[in-house]
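Geometric and topological summary
For reference, the chains in residue letters:
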Amino acid sequence: MRISNLDDIVEAGLCAGCGICESIAGRDVVEMDLTRDGRIRPRTKASLDHGTFQQIMQVCPGVTVTGPAKGQAGPSGAMHGVFGPMASLNRGWASDENTRFHAAAGGALTALGIYLVRSGKVDTVLHIKASETNPILSDAWISTTEQDVFDGAQSRYGPGASLTHVHKLLDEGRIFAVIGKPCDIAAIRNLGRVDDRVETQIPYCLTIFCGGTMSLNMLNRMPEYFGAAPEDLNLFRYRGEGWPGTTHMETKDGRSFDLTYDESWYGEDVPWTYDLQFRCKICPDAIGELADVSCPDGWIMENGEPLHEEAPGANLIIGRTPKGAELVREAEAAGALTLEPYALADFEIMHRDHKPRKTGWPGRMLGLRLAGQPAMQVRGYRRLAALMAAGPRYFLASLFGGLRRARAGLNREAGFRN
Ligand SMILES: Cc1cc2nc3c(=O)[nH]c(=O)nc-3n(C[C@H](O)[C@H](O)[C@H](O)COP(=O)(O)OP(=O)(O)OC[C@H]3O[C@@H](n4cnc5c(N)ncnc54)[C@H](O)[C@@H]3O)c2cc1C
Ligand code: SF4
Ligand code: SF4
């Protein structure tokens, strides 16, 4: 099966919902919109010319992803077989207590974003924020002040197209940082291969570790669980205001509801199931190998397991490039970040939940192909190391799991044609 248009990418379950296709083609031609599956996807509104479609094919992170260069971490860094380039590793948080409390984890990303604007290294930060029309959804957010960056803090687990304004900012000559999910950063790196402006105008890319994006259909069940209609909400916060903070909902008539982190995402007696988009299930890089800095949670561990009890927020802060490691050091010296050393062996335990995807993607991609379905072109993600770490049993499980799911059509998604 070949990809001939954007609907093919969506229906094959490869779309991550990043929105860079809208940015490339312009909203008159491609507009990100909600499908009946509750996912934000590109709707083609007018005929896409061949050149524009070819450029989207080169940039779309549902079609192609290229991993880090061997030396990305620099001469004093290392390439971890599973976890990628490591130019520096710390545990840390925003030194400003207000930011640390408000943000998703320790506020490291917001502190770095604020530092980048304050120091004049960038004039703008492109990231995401709750949508004003539906607070469960998120919209791309252009921050030009420190307050804007602060206002765009916190994790957004639902649909939201982060990259719809990239070309507007490039055309305006802005120098900007992108804070986004790892697939968003993959799109920016792909764009850099076809658009020279990226290297000079997007000097910093910052990211998270990413468990994946859920559908609106799933998330709507949360207010409904408390007897509220999704359209009654004027606030939906996934986390933050504490660490990890609750999923907090407020209605226009003054009611409010909370779910703990574990109830939200691991609850057993709740009327929703973890409805990830298919692209997330085959994601070769949900840990931000291509960014300059990647900031997962810096969980407090008990008996080898992360504790999700409320505590002062913390991140792990991984410099993925020498430039990223330098940014982290500078932000610490400027008083924006507080850092402590962190051991690689502890990191490998804390974030081992990412190992199955990091080692399973070659099998899953092959399974899709054997089923005659389109799969991503994945280059430079240390396929051999992934296979060795997976071992034959897990490789075969990933392969046959991928094949079975694709044959059953479980990768397929509703687009705008059906
Ligand atoms: C979908 C999703 C899945 C995650 N899965 C994991 C995981 O498996 N393991 C883990 O350790 N951490 C995960 N996190 C990351 C974690 O929730 C924190 O966001 C991260 O540790 C950064 O914390 P912080 O306090 O530095 O972020 P903050 O200072 O609060 O800043 C977060 C930044 O990320 C941007 N952002 C938030 N959501 C999105 C989004 N959906 N798309 C693009 N940009 C966004 C915000 O605009 C903001 O600039 C996930 C986050 C998200 C959004
Ligand atoms: S992954 Fe991004 S670029 Fe590709 S089709 Fe989806 S929204 Fe468009
Ligand atoms: S899991 Fe991968 S594809 Fe899914 S949202 Fe995260 S980075 Fe993007």
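See the structure printed just above.
Quick caveat, the model's predicted, so the values are computed rather than measured.

1. Points about the overall build of the protein
A tally of regular secondary structure across the protein gives 17 helices and 20 strands. Against the compact-globule benchmark of 22 Å for 418 residues, the protein has a radius of gyration of 20 Å, which places it among compact chains. Burial statistics for the protein: of 418 residues in total, 50% are counted as buried. When contacts within the protein are restricted to residue pairs at least 6 apart in sequence, long-range pairs at least 24 apart make up 71% of them.

2. Focus: the site of ligand 2
The local shell around ligand 2 holds 14 residues, among which Cys-15, Cys-18, Cys-21, Cys-60 and Gly-62 are the closest. Going through the elements one at a time, helix H1 (6–11) and helix H2 (20–25) are the ones with two or more residues in the shell around ligand 2.

3. Regarding helix H16 (residues 355–370)
When the terminal C-alpha atoms of H16 are compared, their 24 Å separation across 16 residues agrees well with the 22 Å that a helix rising 1.5 Å per residue should span. Along H16, the helix axis deviates most sharply at Trp-361, where the bend reaches about 50°; the proline Pro-362 sits within four residues downstream. Buried within H16 we find Arg-357, Lys-358, Thr-359, Gly-360, Trp-361, Pro-362, Gly-363, Arg-364, Met-365, Gly-367 and Leu-368. Buried residues belonging to H16 abut strand S20 (377–379) and helix H17 (383–407). Looking at the residues trailing H16, positive phi occurs at Gly-372, about 80°.

4. Side note on the sheet that holds strand S10 (residues 176–180)
Strand order in the open sheet made by the nine strands is S9-S8-S7-S10-S11-S15-S18-S6-S19, with mixed pairing throughout. At either end of the open sheet lies a strand with only one pairing partner, and these are strand S9 (160–161) and strand S19 (337–341). Across the sheet, helix H5 (residues 108–118) lies against strand S6 (88–94), strand S7 (124–130), S10, strand S11 (204–207), strand S15 (293–294), strand S18 (315–319) and S19, angled at about 85° from S6, the strand it touches most. In this fold helix H8 (residues 182–194) packs onto S10 and S11, with an angle of close to 140° to the strand it touches most, S10.

5. Describing H5
For H5, the tally of buried residues reaches 10 of 11 residues, placing the bulk of the element in the interior. All of the buried residues in H5 are Ala-108, Leu-109, Thr-110, Ala-111, Leu-112, Gly-113, Ile-114, Tyr-115, Leu-116 and Val-117. Two residues or fewer after H5 comes Gly-120, characterised by a positive phi angle close to 75°.

6. Digging into the pairing of strand S1 (residues 30–34)
Inspection of the sheet shows S1 paired to strand S2 (residues 40–44) by five bridges, in the antiparallel sense. Residue pairing in the sheet places Asp-33 in a bridge with Arg-41 of S2. Between S1 and S2, which pair antiparallel in sequence order, lie five residues; one of them, Gly-38, sits at a positive phi of approximately 80°.

7. Observations regarding the packing of H16 against H17
One can describe the packing of H16 onto H17 by two numbers: an axis separation of 6 Å at closest approach and a directional angle of 40°. Judged by the angle between their axes, H16 and H17 are oblique. Relative to H17, the crossing made by H16 is right-handed. When its residues are assigned to classes, the contact of H16 with H17 shows 15 nonpolar, seven polar and three charged.

8. Points about the site of ligand 3
Neighbouring ligand 3 are the residues Ala-16, Lys-181, Pro-182, Cys-183, Cys-210, Gly-212, Thr-213, Arg-279, Cys-280, Cys-283 and Ala-286. Elements with a contribution of two residues or more to the shell around ligand 3: H8 and helix H13 (278–281). Of the residues assigned to the shell around ligand 3, the class counts are seven nonpolar, two polar and two charged.

9. Observations regarding the sheet that holds strand S13 (residues 247–251)
Whenever strands of a sheet pair, they do so through backbone hydrogen bonds, lying parallel or antiparallel. One open sheet accounts for three strands, arranged S12-S13-S14; its pairing is antiparallel. Two strands in the sheet have a free side with no partner beyond their single neighbour: strand S12 (233–237) and strand S14 (256–259). Recorded for the sheet is a direction-independent mean angle of 10° between the axes of neighbouring strands. Pairing of S13 with S14, which is carried by four bridges, proceeds in the antiparallel orientation. Each bridged residue has a counterpart across the sheet, and for Thr-247 the counterpart in S14 is Leu-259.

10. With respect to the environment of His-308
With respect to the helices and strands, His-308 occurs in the loop between strand S17 (305–307) and S18. Once residues lying within four places of it in the same chain are set aside, the contact partners of His-308 are Pro-244, Tyr-261 and Asp-262.

How each quantity is defined
Residues numbered from 1 in each chain as written. Chains lettered and ligands numbered in written order. Predicted model: local features only at pLDDT ≥ 70, side-chain atom pairs only at ≥ 80, totals over all residues. Helix = DSSP H or I, 4+ residues; strand = E, 2+ residues; numbered from the N terminus. Rg over C-alpha atoms; globule rule 2.2 N^0.38 Å. Buried ≥ 20, exposed ≤ 12 C-beta atoms within 10 Å, placed from the backbone. Contact = placed C-beta atoms within 7 Å. Near = placed C-beta within 6 Å. Expected span 1.5 Å × (residues − 1). Bend = angle between axes of the 7 residues up to and from the residue. Pairing = 2+ DSSP bridges. Axes fitted to C-alpha atoms, helices over the stretch in contact; angles between N-to-C directions. Parallel < 35°, antiparallel > 145°, perpendicular 65-115°, else oblique. Left-handed = near helix turned anticlockwise from the far one by under 90°. Nonpolar A, V, L, I, M, F, W, Y, C, P; charged D, E, K, R; others polar.

No statement about biological role is implied by the geometric values presented.
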